[in-house]
Amino acid sequence: MVTTTEITPKLQVKDLTIRYGSHTALSGVSLEVMPNEIFSIIGPANAGKTSFLKVLNRMDTFNSEMKYDGKIFFNGLDTRHLRNHYALRRRIGVVFPLPVGLPMTVYENVALSPRLRGINNKAELDVIVERCLQRAALWDEVKDRLDSLGSLLSGGQQQRLTIARALSQEPELLVLDEFSIAVDPVTTMRIEEVLKELKEEMTIILVTNLVQQARRLADRTAFFLNGECVEMGITEALFSGEAKDQRTIDYIEGRFG
Amino acid sequence: MTTQSNQLASFDQRDKEWYIDKAIQIIVFMSGISAILFVVGIFAFVTMEGFGFLLKDFSISEFLLSPWWEPTDEDEPTYGILALVAGTASVTGLAMLVAVPFSLGAAIYIGEFASGKKREYLKILIELLAAIPSVVWGFIGLTIMNPLIIAVFDVPVGLNVLNAGIILGLMAAPIMTSIAEDALKAVPDRYREAAEALGATRWQVIYKTVLPAAKNGLLGAVLLGVGRGFGETMAVLMATGHAINIPGSVFDPVRALTATIAAELGETAVGSTHYEALFTIGIFLFLITFIINLTADLIVRGIRKQ
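Given the structure is predicted, the values throughout are model-derived calculations rather than measurements. (Residues numbered from 1 in each chain as written. Chains lettered and ligands numbered in written order. Predicted model: local features only at pLDDT ≥ 70, side-chain atom pairs only at ≥ 80, totals over all residues. Heavy atoms only, no water.)

Peer 1: Before we go on, may I ask you to explain the interface of chain A and chain B in this structure?
Peer 2: Put simply, an interface is often sized by how much accessible area is lost when its parts join up. Facing 21 residues of chain A, the contacting portion of chain B comprises 17 residues. At the boundary of chain A with chain B, total buried surface from both sides reaches about 1900 Å², with 69% on carbon and sulfur atoms. Counting the surface chain A buries against chain B, the share from its top three residues, Phe62, Tyr86 and Leu116 of chain A, is 32%. Applying the counting rule to chain A against chain B returns one salt bridge. With its nearest N and O atoms 2.4 Å apart, the salt bridge here joins Glu196 of chain B to Arg89 of chain A. Elements supplying a minimum of two residues to the side of chain A that touches chain B: helix 2 (85-90), strand 6 (92-95) and helix 3 (106-116) of chain A. Of the residues belonging to the side of chain A that touches chain B, the class tally is 13 nonpolar, four polar and four charged. (Contact = heavy atoms within 4.5 Å. Buried area = accessible area lost by both parts, 1.4 Å probe. Salt bridge = Lys/Arg side-chain N within 4 Å of Asp/Glu carboxyl O. Helix = DSSP H or I, 4+ residues; strand = E, 2+ residues; numbered from the N terminus. Nonpolar A, V, L, I, M, F, W, Y, C, P; charged D, E, K, R; others polar.)

Below you can see the structure in the form of structure tokens.
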């Protein structure tokens with residue numbers, strides 16, 4: 001276990017329960033994510049992973065059915081009673097499982113978030129856009145058509161555009177929800193390399209279906225099953241047979257899920 | 001091998017399902033084609049009735065450029081629709097100034113801000129408003145707007161461009177709202193979610209993402225409102241003052257193309273030059289509304305392609 005006495009965790013979740021109407025999606029999850037670590041969440045469909053991510057940046061306000069109990073601290077601040085949850089969201093970059101190219105040009109997709117922060121200087125924006133697209137391994141493919149519609153890119157390219165857009169927020173916390181679903185294996189590996197570099201600058205939460213991806217990238221891993229956090233620990237330990245719960249072992253070894 | 005030959009026989013035989021399918025195809029085809037036939041038929045009828053005028057007394061320059069519509073002048077009847085076009089255009093233009101901000105605002109509120117029950121009630125209310133007959137609007141123009149304009153602006157007559165423009169604007173707003181709201185609803189929620197996740201406020205989400213994505217549908221809504229304005233008859237007949245006039249200000253009474261047909265057609269002899277001239281106005285209106293609707297349609301189609 002990581003010692004948590006000195007440093008303030010980037011994210012602290014205490015006894016989190018999420019409900020949609022009468023359906024419980026997640027119950028009693030407590031965990032901490034430390035600064036500059038990659039924390040991965042694995043688990044089969046319907047485990048509550050995506051719901052968990054949604055409350056982190058208070059996207060629950062988008063769905064009136066969605067309610068949560070428990071406490072979430074971001075940089076030690078309780079996020080429930082924020083006056084301005086827009087400000088919170090600007091510091092958390094999110095990449096959705098299905099790519100969402102906003103109906104504007106490639107350039108504007110990436111420049112949107114800096115513009116929302118008030119950066120309007122063209123030269124400054126150019127630099128941000130190029131850097132973010134390079135990091136998302138997309139620059140070489142789109143540098144000649146920055147003015148074409150983002151929604152016209154292929155699925156994999158749109159996914160990388162979404163990653164570039166999340167990076168343009170210069171987030172403290174980057175949340176990736178099964179980013180590799182729509183991306184080919186070669187690009188996936190390139191993005192994984194980028195994530196390892198980004199770790200120096202930010203904290204990353206990685207939800208993934210690919211158990212081996214978690215093993216390659218994550219410092220610590222949590223296993224969610226049916227709305228419950230079954231087990232959590234240092235990734236290498238979990239994968240080298242130190243998992244305590246039989247369900248975790250079964251899932252990691254591919255016996256179900 | 002008997003089963004195989006049985007099967008072959010059944011493949012070769014038209015059964016009940018086959019006939020039902022054929023019959024339904026024919027019925028659907030007939031109802032589809034009849035709509036087109038009716039439109040073509042109406043256009044043919046209007047053209048035929050106006051054709052005599054087009055052949056003998058018609059002068060395109062007089063028809064389009066003369067402000068004098070004096071079909072009953074005994075010595076020298078003139079058939080110029082310029083003043084009527086100006087009347088229709090000024091009323092429609094003012095109506096759009098009223099209707100566009102109202103309907104877009106209402107659509108944005110209903111589509112983006114109102115939630116749950118409030119949204120449902122508002123939509124029902126808007127649809128109710130759209131169903132108010134135009135003669136009722138004309139009546140409101142005559143009895144409420146008329147004295148109100150006289151009192152507020154201190155003008156002798158309250159039946160004028162202003163009155164008709166406001167009435168027509170209020171009349172077109174509900175339909176435009178309804179269509180504009182459909183256009184906003186057609187913008188997928190994932191766009192809103194993605195923009196909100198970037199930290200955009202509700203208003204930033206709307207004007208950076210939703211409005212640009214819906215712009216074709218919104219433009220279509222506005223154009224349909226314009227089409228409605230050109231075609232509306234009863235309300236403008238009652239509220240414009242029905243005086244042939246190229247308006248110099250919003251307080252001048254005018255007369256609309258449609259209202260001219262409605263008011264005069266009953267009093268002309270069938271087949272007379274006047275009668276045929278009214279039908280020529282009909283052709284003109286038909287062409288204009290056709291062009292407007294076609295443009296609106298092409299624009300709305302443009303969204304689906306994206």
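Now that the structure has been shown, the text picks up again.
Peer 1: Would you explain the packing of helix 4 (residues 122-135) of chain A against helix 6 (residues 155-167) of chain A in this entry?
Peer 2: How two helices pack is summed up by the angle between their axes together with the distance between the axes. Residue and element names in this part refer to chain A. Running from N to C, helix 4 and helix 6 cross one another at 130°; their axes reach a closest spacing of 8 Å. Of the possible angle classes, the one that applies to helix 4 and helix 6 is oblique. Taken as a pair, helix 4 and helix 6 cross one another with a handedness that is right-handed. Here Cys132, Leu133 and Arg135 of helix 4 come into contact with helix 6, specifically with Leu161, Ala164 and Leu167. Within the contact of helix 4 with helix 6, the residues separate by chemical class into five nonpolar, no polar and one charged. (Axes fitted to C-alpha atoms, helices over the stretch in contact; angles between N-to-C directions. Parallel < 35°, antiparallel > 145°, perpendicular 65-115°, else oblique. Left-handed = near helix turned anticlockwise from the far one by under 90°.)

Peer 1: Looking at this structure, I do not really get the pairing of strand 6 of chain A. What am I missing?
Peer 2: The two faces of a sheet get side chains in turn, since along a regular strand they alternate between them. All names here are of chain A. With burial as the criterion, each face of strand 6 is covered, one bearing Ile92 and Val94 and the other bearing Gly93 and Val95. Judged from the four bridges that link them, strand 6 and strand 7 (residues 173-177) form a sheet pairing that is parallel. Across the sheet, the residue bridging to Gly93 is Leu174, located in strand 7. (Buried < 20%, exposed > 50% of the residue type's maximum accessible area, 1.4 Å probe, protein only. Pairing = 2+ DSSP bridges.)

Peer 1: Could you clarify how one ought to interpret the packing of aromatic side chains in this entry?
Peer 2: Aromatic ring pairs: the centre-centre distance and the angle between the two ring planes describe each pair. Residue and element names in this part refer to chain B. Summed over all chains, the structure comprises 12 aromatic pairs over all chains. Ring centres 6.4 Å apart and planes at 85° place the aromatic pair Phe63 and Phe284 in the edge-to-face group. On the criterion of sequence distance, the pair formed by Phe63 in helix 3 (residues 60-65) and Phe284 in helix 12 (residues 273-305) is long-range, its members being 221 residues apart. Residue classification places Phe63 among the buried residues on the basis of a relative accessible area of 4%. (Phe/Tyr/Trp six-rings, centres within 6.5 Å; stacked < 30°, edge-to-face > 60°.)

Peer 1: Please clarify how the sheet that holds strand 2 (residues 23-33) of chain A should be interpreted in this entry.
Peer 2: Hydrogen bonding along the main chain pairs the strands of a sheet, whether they run parallel or antiparallel. Residue and element names in this part refer to chain A. Ordered in space as 2-1-4-5, the four strands form an open sheet in which the pairing is antiparallel. Whereas interior strands pair on both sides, the edge strands pair on one side only; in this sheet they are strand 2 and strand 5 (77-78). Of the pairings in the sheet, the one linking strand 1 (residues 11-20) to strand 2 comprises seven bridges and is antiparallel in character. Paired with Ile18 across the two strands is Leu26, which belongs to strand 2. Packed on one face of the sheet, helix 1 (residues 49-56) meets strand 1, strand 2 and strand 4 (66-74) and runs near 115° to strand 1.

Read these as geometric descriptors, not functional statements.
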